[in-house]
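Structural overview for review
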Amino acid sequence: MSRSPSFSVKQELSLKADPETLQQWVVAFCVIRFDLEQGQLIEDCYPPGCLTQNEELEVAFSSFPDSISQHQNRSSIHDCIFFFRFQRQKSPPQGNVISSEITEIDDKEISSRSTKDKIRKRSESRNNSRGSKYLYGYVFNRQRHDERLKRGGEQKSVVILSHCPYSSVFRPLLQIMGPLYFDIGKRAIEHIAAYVSMWPSPVPGKLMELPIGNATLKVNLPPSHSLTLASGMLFEESTSSMAPFLPNNQSVPQGLFHDSDIFGTFRGLLLQLWVLWELLLIGEPILIIAPTPPQCCEAVASLVSLIAPLLCSIDFRPYFTIHDPEFAHLNALQEGDTFPPMVLGVTNLFFLKSLRNIPHIVSVGTPAPNSNRVTFASRASTGRISGRPEGFGLQQLSLKKFSPSNLLNAVKLRRDGPLCLMTEHKEAIWSTYAATTKPDTSILNRLIDAGMSPRVEESMSVVNNEILRRHFLELTTNFLAPFGPYFRTTAPSEGSSPFVDPPPLPSFNADEFLSSLSARGAGKFLLKRMRSNWLDLYRRFLKGPNFMPWFQRRRAAAEQEQHRLWRQARMRTDIQLLISKMSELEIVDSFNAIERHLSQEIQQSGLAVGDFVATCQKLQGDLQAVFNILPKDMQELMLVNPQRASLLQGSPELTKLPGCPQVQVRVASSTSPT
């Protein structure tokens, strides 16, 4: 069996973490002990002082399983890895806006935001972890059973807190860090923190090699369009790769938790995956119950990954406990109250009674078998774990085929309701939702049932997950395709002026969209897989919490792309050739337009990078060329304005605008650069 990546601490090596660069990846490392008298206690937090007191309590209560695993051994060690997500205190509102009713999006309001505002938004969000609405906690929990100890054992958790859902990074990192901490203590955290602070900045959607000691983690990060705007990435990154098209390279992740085990988690409920896809698509509340934290958090992660490349805007909690501040609000909901759109992963059966209003309940996983200490293994270059801690492995079950007995069991489960889980855990789904999408039997028939061999199961799981993920990626992409025309960009036509304002993107009205879609149809791919009421699914999607944040992000991406295309066209334009075909009035209009573009470039000089100087030189040369052919009286009138005069003369004064650094621009040429 392969071993986990080794990590050795050299005595003579004195590493010290850089707090600023560490924050790009990790907010804090915590060690939490379960004290028999006082409960959960944070033993150590590094760097200190980065969490509020309420956040420390939240982390402490979320870092332990609801119940201790039962083992028959007199003395044994049980390790598991899972993760949770909680809302930060006093967080500023996110850029995503959720609306339950969509009538018409105000294109004037969207388009009126200048590029300067967009770039400032990017600059303010850079490396701002405190601005993140949520924190993710990745937990390595160790339970040591010993009958000689009080209550028969003890447990402790090592936790990595981050503002980004980089499970492909932190799970393998915990496989190194967790056992190392229990070997050498606090020094392990300090050394791991030092190595993490030396990592390059995260690049969403890319394969990254992250050195850790004498090992290297090769991981794919989720793409920027799947991350919230408050996650600290650059604004242009968050809108650069959002086009809903099917990628040729399947190793490139298209959404969150791209390495989750869909097949292993929902192996007993494969026919229900299309129901779950719809429920998540339209933002319905779902309660997921599993025997252990690793199984429930894997199920939540797998569900979220089903709707890639759609931005998941509903609240999801991979491991939710009664200590979460949100629980009091959910528990107070009365009969008839609307349950908020969220996905909750739980292991405590008390939730079945306390959250009776939740309309959809899914039970997954199997009770963990008795075992000794878990052996860890390394991840492959894709970020998958070859030998996972308890809860991440495939269930040893064969693919369920249709039979009369299975049908009777399903009817019995529905009749008994989810409270039957109080006596025996079963894999099932309780929901009155009538799905529009039909299960794709051709996909199910391609899945491979490898039998009971763990080694074969592991490799077949990779194949099956790729089949399922590819299918649901294609399904979601085709579902979003009808919205494509509203993100269609235009470039200046040949011979036209690129200095005029680009045309606005097509306006969107929900009723008009549905009417048009009903007339032309959803396309062959969807019509083949959906029932005749497929338009109702679009209607629910438009009213759900996922649509508006995704639509606004896509509009921002399209506007940014259109701005880039027109900016490039201005750089390529031969101004002498263009103005030779213009009337005097058109020349004056061009002068005003070029002046406006040049002023905008200068105003953005402190926020933008790259070809700023070259762009300003080109625009200034064009401005001078247009000015030279204006009548003398008009030239004199133009020079009355001192700012305009400085633009024409290339004076340093031209950059002395409010809030902008001084940048000197010299005229390079009055024609298009070659």
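Refer to the structure above for everything that follows.
The following refers to the structure shown. Computed from a predicted model, the values in this text were never measured in an experiment. (Residues numbered from 1 in each chain as written. Predicted model: local features only at pLDDT ≥ 70, side-chain atom pairs only at ≥ 80, totals over all residues. Heavy atoms only, no water.)

Details of the side chain of His597
Heads up, the rule is: Only DSSP runs of H or I covering at least 4 residues are called helices, and only runs of E covering at least 2 are called strands; the numbering of each starts at the N terminus. In this scheme, a residue with accessible area under 20% of its type's maximum is buried, one over 50% is exposed, and one in between is partly exposed, where area comes from a 1.4 Å probe on protein chains only. Two N or O atoms form a polar contact when they lie within 3.5 Å of each other; inside protein one atom must be a possible hydrogen donor and the other a possible acceptor, and for residues adjacent in sequence the pair counts only when both atoms belong to side chains.
The residue His597 is located in helix α21 (residues 584-603) in this model. Under the relative-accessibility criterion, His597 is labelled buried at 8%. At a separation of 3.0 Å, a polar atom in the side chain of His597 contacts the main-chain carbonyl oxygen of Phe499.

Side note on the packing of α21 against helix α22 (residues 612-628)
Stated formally: Helix axes are fitted to C-alpha atoms over the stretch in contact, other axes to C-alpha atoms as well, and angles between N-to-C directions run from 0 to 180 degrees. Orientation labels follow simple angle bins: below 35 degrees gives roughly parallel, above 145 gives roughly antiparallel, 65 to 115 gives roughly perpendicular, and whatever is left gives oblique. Crossing handedness is read from the near helix: turned anticlockwise from the far helix by less than a right angle, it gives a left-handed crossing, and turned clockwise, a right-handed one. Contact criterion: two residues are considered in contact whenever any of their non-hydrogen atoms come within 4.5 Å of each other.
Between α21 and α22, the shortest axis-to-axis distance is 9 Å and the interhelical angle comes to 155 degrees. With respect to α22, the element α21 is oriented roughly antiparallel. In the packing of α21 onto α22, the handedness of the crossing is left-handed. Touching Ile587, Phe591, Ile594, Glu595, His597, Leu598, Glu601 and Ile602 of α21 are Phe612, Thr615, Cys616, Leu619, Gln620, Asp622, Leu623, Val626 and Phe627, all from α22.

Digging into unusual backbone geometry
What is expected of a backbone is that most residues other than glycine have negative phi and most peptide bonds are trans. Between Tyr46 and Pro47 the backbone carries a cis peptide bond, its omega angle lying at -5 degrees. The topology assignment puts Pro47 in the loop between β2 (39-46) and α2 (53-62). Backbone torsion omega between Ala308 and Pro309 reads 10 degrees, so that peptide bond is classified as cis. By the element assignment, Pro309 lies in the loop between α10 (293-306) and β9 (315-317). Its identity as a non-glycine residue notwithstanding, Phe257 has a phi of 55 degrees, on the positive side. Along the chain, Phe257 turns up in the loop between α7 (235-238) and α8 (262-265). On the basis of relative accessibility, which here comes to 2%, the residue Phe257 falls in the buried class.

Comments concerning the pairing of strand β11 (residues 360-363)
Quick reminder of the rule: Think of it this way: DSSP has to see at least two bridges between two strands before they count as a pair.
The alternating pattern of β11 places His360 and Val362 on one face and Ile361 and Ser363 on the opposite face, and all of these are buried. Both strand β8 (residues 286-289) and β11 contribute to a ladder of four bridges, which runs parallel. Residue pairing across strands places Ile288 opposite Val362, the latter belonging to β11. Pairing of β11 with strand β12 (residues 428-430), which is carried by three bridges, proceeds in the antiparallel orientation. Along β12, the bridge assignment pairs Ile361 with Trp430.

Here's the deal with the sheet that holds β11
Backbone-to-backbone hydrogen bonds pair the strands of a sheet. The strands run either parallel or antiparallel. With mixed pairing, the five strands of this open sheet are ordered in space as β9-β10-β8-β11-β12. Here the strands that pair on one side only, and so sit at the sheet edges, are β9 and β12. Taken over all neighbouring pairs, the strand axes of this sheet differ in orientation by 10 degrees on average, direction set aside. Packing of α10 onto the sheet brings it into contact with β8, β9 and β10 (342-346), and relative to β10 it is tilted by some 155 degrees.

Looking at α22
The test is simple: Helix span, expected: 1.5 Å multiplied by one less than the number of residues in the helix.
If you check α22, its first and last C-alpha atoms are 24 Å apart, about what 17 residues at 1.5 Å a residue would give, namely 24 Å. Counting buried residues in α22 gives 12 out of 17 residues, a clear majority hidden from the surface. All of the buried residues along α22 are Phe612, Thr615, Cys616, Lys618, Leu619, Gln620, Gly621, Asp622, Leu623, Ala625, Val626 and Phe627. Of the surrounding elements, those touching the buried residues of α22 are α19 (547-572), α20 (575-579), α21, α23 (632-638) and α24 (642-649).

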